[in-house]
Amino acid sequence: MAILEVSGVNKTFGGLKALTDVNLTVEENTIHAIIGPNGAGKSTMLNCMMGKLQPDNGVVNFDGTSLLGGITPYQINQLGVCRVFQTPEVFSDMSLLENVMIPSLARHDGAFEFNGWGPVAKRDEVSQDAIQMLAEVGLAEQRNVITGSLSRGDKRRLEMAMCLVQKPKLLLLDEPTAGMSRADTNNTIELLKKIGERDITMIIIEHDMHVVFSLADHISVLAQGTVIVDGKPESIKGDPRVIEAYLGGELG
Amino acid sequence: MSQKLEKIKSPLDMEPLTIEVHDVEASHRAKTARNDLILMVVFSAVVLGGPWILAPFGADYPDLLQRFCIFGIFAIGFNIMFGLTGYLSFGHAAFLGVGSYAAVWSFKLLTMNAVPAVIFGVLCAGLFSAAIGYISLRRAGIYFSILTLAFAQMSYNLAYSVLTPITNGETGLQLELSDSRMLDAAMGIERTSSLPVTNLFGMKMSGYEGFYFCAIILIIAFYISLRIFRSPFGMMLRGIKTNQNRMAYTGINTRPYLLTAFVISGMYAGLAGSLMAVTDPLAGAERMQWTASGEVVLMTILGGAGTLIGPVIGAGVIKYFENIFSAFNEDTLHAAYSFLPEGLADFMTTISHPFVGEGWHLTLGVLFMMIVIFLPGGLMEGAQRIANLFSGAGKKSKAESSATDTQPAE
């Protein structure tokens, strides 16, 4: 069953056509990679899916709900979509535990609840979820450390814990291994594989082919604002159009 | 703490993890609860013992003590907005003014009892701040500050001009013999030939009685702020301050959180304003001027924005300077330097003269600059550093010292 359907999406910035008639179907409980050279429109597409940008036309449906027409990022999150950013977006002044407790609270209490009286420390279900999730990404021991001092790889893992604690249906990862060392990249791949075993759909936008071919069940190749190839990793590997998009553009 | 957690490296061992962590969390929670209790007890003792504690500093007269409490409340409330969410409001004096006017109207129309005046003041300020907050919170950062400033200045000018029927313009709103005081009349309280005084069920609200009334409200206000700091709501507000973008992508609708915080802090300002009217029943538009809004910003930053107790200390320091330093003159300086040889004493007097009396702003300005440059966390950061020095925190592991940092400094 398709969890996310994108069809006929166009987006222009002034005279620049960023997306041209993009069609994409993401099957439930798969890892779907979107690859493409720089400037292919990957981030624009992600922003169109997350309510940050409004496409000029087209349809974006998540689990039967349209993600277009004035719906805001927090509403999309409440539907079960969580996003991991290219540069980790965490609460750098707060402890790791607090970082994960906030999304956990968002899941338990919804988008807004005035809960100004009872201490947050007494919300057992919230802190238990948060600690377990930190343990799963291997950060439980550092849960009282202030997040700002973490390495980039650890921040990324924290951000994943922040998303996973919400038990999202769809996880969007924007270059999850960008700027990481080889060792950190491999750790991230292992972590994502483990996450992929649960009932969760993932969309990964990535440059690193090693990451893509280690993880993806399905790959869409984006070039010049449109999906040029769409298929299983095996079929993508040798496709001349993909090689053309990656190499031809730069050489020619 | 770290020893117990050693066992939970493998993500698959979920069962023991839950139990171990629960123990650690329970003890951590008990410690926080105990610290908060100690904080409340010490705070209450210091506030109620104010007249004795401040006697050696020449600040033990009730007028000033009342002002310490009132501005303490004002700063605590301001800190809920600025300290927790990072949204800098430059118009909080407007809510203070509304609280004052509302309280005086309660005295004029209903009764000289302080309780309805305070409730009425808080409610009016709450409504007013909901309206201003709703509009101002459409913008963040400097634009939010400018919007709040604009609203406050607008209120200030309106109070002087078109709203004169409500505010009595330049003269300020005062009690009059002809006031109706319906509740008092209904209860058969006799009209006197002189102006009545504010009271709390018969106890007059000037002097030390007034101070203790304000002091108890300050303690309650502080307790409420403590609860807000420790609550999920407070955590959300800190999240907004740290990374608003992440909050949005985390499924949090930040606007109602901000508006609630703004209204709460506006109600604190209204409470402070109505207490001003309780201790001295008149209200003037100058309370709404932008300098008054700026003053509470200074208090909060001076003491330590985002800390629980910092704003109260900041309010105390500024009010102390305003009232005590400004009263110093050349003779007091001469007396202070009398132990020095004649020439040196004269020299010192000349040097320090610009810093006292009318020049107290200069001292305050220098102090403020020093704190912002050397202690960006305010006086509370200074206190924390001194405390760390004594407790030998340098020896602690980095992880542990940052673990203590997760609680806002008390």
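Procedures and definitions
Residues numbered from 1 in each chain as written. Chains lettered and ligands numbered in written order. Predicted model: local features only at pLDDT ≥ 70, side-chain atom pairs only at ≥ 80, totals over all residues. Heavy atoms only, no water. Helix = DSSP H or I, 4+ residues; strand = E, 2+ residues; numbered from the N terminus. Rg over C-alpha atoms; globule rule 2.2 N^0.38 Å. Contact = heavy atoms within 4.5 Å. Areas by Shrake-Rupley, 256 points an atom, 1.4 Å probe, with all protein chains shown as cover. Lys, Arg positive; Asp, Glu negative; His and termini not counted. Charge placed at Lys NZ, Arg CZ, Asp CG, Glu CD. Buried < 20%, exposed > 50% of the residue type's maximum accessible area, 1.4 Å probe, protein only. Phe/Tyr/Trp six-rings, centres within 6.5 Å; stacked < 30°, edge-to-face > 60°. Lys NZ or Arg CZ within 6 Å of the ring centre and 35° of its normal. Expected span 1.5 Å × (residues − 1). Salt bridge = Lys/Arg side-chain N within 4 Å of Asp/Glu carboxyl O. Buried area = accessible area lost by both parts, 1.4 Å probe. Polar contact = N/O pair within 3.5 Å; in protein donor to acceptor, adjacent residues only side chain to side chain. Nonpolar A, V, L, I, M, F, W, Y, C, P; charged D, E, K, R; others polar. Disulfide = S-S within 2.5 Å. Pairing = 2+ DSSP bridges. Right-handed = clockwise from strand over helix to strand, strands pointing away. Domains from an automatic or database assignment.

For chain A, the count of helices and strands is nine helices and 10 strands. Against the globule reference of 18 Å for 252 residues, chain A gives a C-alpha radius of gyration of 19 Å, in line with a compact fold. C-alpha extents for chain A along the principal axes are approximately 60 × 40 × 35 Å. For chain A, restricting intrachain contacts to residue pairs at least 6 apart in sequence, the fraction spanning at least 24 positions comes to 66%. Split by element, the accessible area of chain A, about 9,900 Å² in all, is 50% carbon and sulfur. A gap of 2 Å separates the mean positions of the 22 positive and 32 negative side-chain charges of chain A.

We now examine the overall build of chain B. The helix and strand tally for chain B stands at 20 helices and four strands. The buried share of chain B, taken over its 410 residues, is 50%. A fraction of 76% describes how many contacts in chain B between residues 6 or more apart in sequence connect residues 24 or more apart. With the model as given, the accessible surface of chain B reaches about 18,900 Å², and the carbon-plus-sulfur share is 68%.

Tallying each qualifying case throughout the model produces 13 aromatic pairs over all chains. Note on B:Tyr87 and B:Phe144: the rings are 5.1 Å apart at their centroids and 80 degrees apart in plane angle, and the pair reads as edge-to-face. On the criterion of sequence distance, the pair formed by B:Tyr87 in the loop between helix H4 (62-85) and helix H5 (92-109) and B:Phe144 in helix H7 (residues 141-160) is long-range, its members being 57 residues apart. Among the aromatic residues, those joined into a ring-pair cluster are B:Tyr87, B:Phe95, B:Phe128, B:Phe144 and B:Phe262. Its guanidinium or amino end placed over the ring of B:Tyr249, A:Arg83 lies 5.7 Å from that ring's centre, counting from NZ or CZ. The cationic tip of B:Lys108 hangs over the ring face of B:Trp105; the distance from NZ or CZ to the ring centre is 5.6 Å.

This paragraph deals with helix H3 (residues 96-109) of chain A. All names here are of chain A. Taking 1.5 Å as the rise per residue, H3 with 14 residues should run 20 Å; its terminal C-alpha atoms sit 20 Å apart, in good agreement. Taking burial as the measure, the 14 residues of H3 include 12 buried ones, the bulk of the element. By the burial criterion, the buried members of H3 are Leu96, Leu97, Glu98, Asn99, Val100, Met101, Ile102, Pro103, Ser104, Leu105, Ala106 and Asp109. At the exit of H3 stands Gly110, carrying a positive phi of roughly 85 degrees.

Summed over the entire model, instances satisfying the criterion amount to 18 salt bridges over all chains. For A:Arg123, the salt bridge is made with A:Glu125, and the minimal N-O distance between the two is 3.1 Å. Judged by its relative accessible area of 33%, A:Glu125 is partly exposed. The closest approach of N and O atoms between A:Arg157 and A:Asp154, which form a salt bridge, is 2.4 Å. Residue A:Arg157 and its partner A:Asp154 are both found in helix H5 (residues 152-164); the two are separated by three residues, about one turn of the helix. Taking relative accessible area as the criterion, A:Arg157 reaches 23% and is therefore assigned partly exposed. Within this structure, B:Lys108, B:Glu176, B:Asp179 and B:Arg181 form a network of salt bridges that share partners.

This brings us to the interface of chain A and chain B. Across the boundary between the two partners, chain A contributes 55 residues, which contact 44 residues of chain B. Between chain A and chain B the total buried area reaches about 4,500 Å² when both faces are included, carbon and sulfur atoms providing 63% of it. Inspection of the region where chain A meets chain B yields two salt bridges. A:Glu98 is the salt-bridge partner of B:Arg238, the closest N and O atoms lying 2.7 Å from each other. Our count for the contact surface shared by chain A and chain B stands at 16 residue pairs in polar contact (both at pLDDT 80 or more). Of all the secondary-structure elements, those providing two or more residues to the side of chain A that touches chain B are helix H2 (73-79), strand E6 (81-84), H3, helix H4 (124-136) and H5 of chain A. Here the side of chain A that touches chain B gets seven residues from one element, more than from any other, and that element is H3(A). Of the residues contributing to the side of chain A that touches chain B, the split by class is 29 nonpolar, 12 polar and 14 charged.

Bringing the state of the cysteines into the picture now. Counting across every chain of the model gives one disulfide over all chains. Disulfide partner of A:Cys82: A:Cys163, at an S-S distance of 2.2 Å. For the disulfide bridge between A:Cys82 and A:Cys163, the dihedral angle about the S-S bond is near -70 degrees, and by the sign convention the bridge is left-handed. With A:Cys82 in strand E6 and A:Cys163 in helix H5, this pair connects stretches of sequence that are 81 residues apart. By the burial criterion, A:Cys82 is buried, and A:Cys163 matches it. With no disulfide of its own, B:Cys69 lies 5.8 Å from the sulfur of B:Cys214, the closest cysteine sulfur. Residue B:Cys69 is classed as buried on the basis of its relative accessible area of 3%.

Turning next to the pairing of strand E7 (residues 170-174) of chain A. All names here are of chain A. Among the five residues that make up E7, five are buried, leaving the element largely enclosed by the rest of the structure. The side-chain alternation of E7 yields two buried faces, one formed by Leu170, Leu172 and Asp174 and the other by Leu171 and Leu173. The pairing of E6 with E7 spans four bridges and is parallel. Bridge assignment links Cys82 to a residue of E7, and that residue is Leu171. Across five bridges, the pairing between E7 and strand E8 (residues 201-205) is parallel. Its bridge partner being in E8, Leu171 is matched across the sheet by Met202. Once you follow E7 into helix H6 (residues 182-196) and on to E8, the crossover reads as right-handed.

Below, the discussion takes up the domain arrangement of chain A. How big an interface is tends to be stated in terms of the accessible area lost upon association of its parts. Residue and element names in this part refer to chain A. Segmentation of chain A into domains returns domain 1 (1-80 + 169-252) and domain 2 (90-167). Here domain 1 and domain 2 have C-alpha centroids that lie 26 Å from each other. Between domain 1 and domain 2, the contact holds 20 residues from the first and 15 residues from the second. Buried area between domain 1 and domain 2, summed over both chains or domains, comes out near 1,300 Å², and the portion from carbon and sulfur atoms is 60%. Of all residues in domain 1, Gln78, Leu191 and Arg198 give up the largest surface area on contact with domain 2, accounting jointly for 33% of the area buried on that side.

All names here are of chain A. With five of five residues buried, strand E3 (residues 31-35) lies mostly within the body of the structure. In E3, alternate side chains face the same way, and those of Ile31, Ala33 and Ile35 on one face and His32 and Ile34 on the other are all buried. By the bridge criterion, four bridges tie E3 to E8 in an arrangement that is parallel. Its bridge partner being in E8, Ile34 is matched across the sheet by Ile205. Here four bridges tie E3 to strand E9 (residues 218-223), and the two strands are oriented parallel to one another. Along E9, the bridge assignment pairs Ile34 with Ser220.

A few words now on the environment of A:Ala245. Residue and element names in this part refer to chain A. Within the secondary structure, Ala245 is located in helix H9 (residues 240-251). Residue Ala245 is classed as buried on the basis of its relative accessible area of 16%. Ala245 sits 195 residues away from Met50 along the chain, and the two C-alpha atoms are 26 Å apart. Not counting chain neighbours up to four residues away, the residues in contact with Ala245 comprise Pro37, Ala223 and Ile228.

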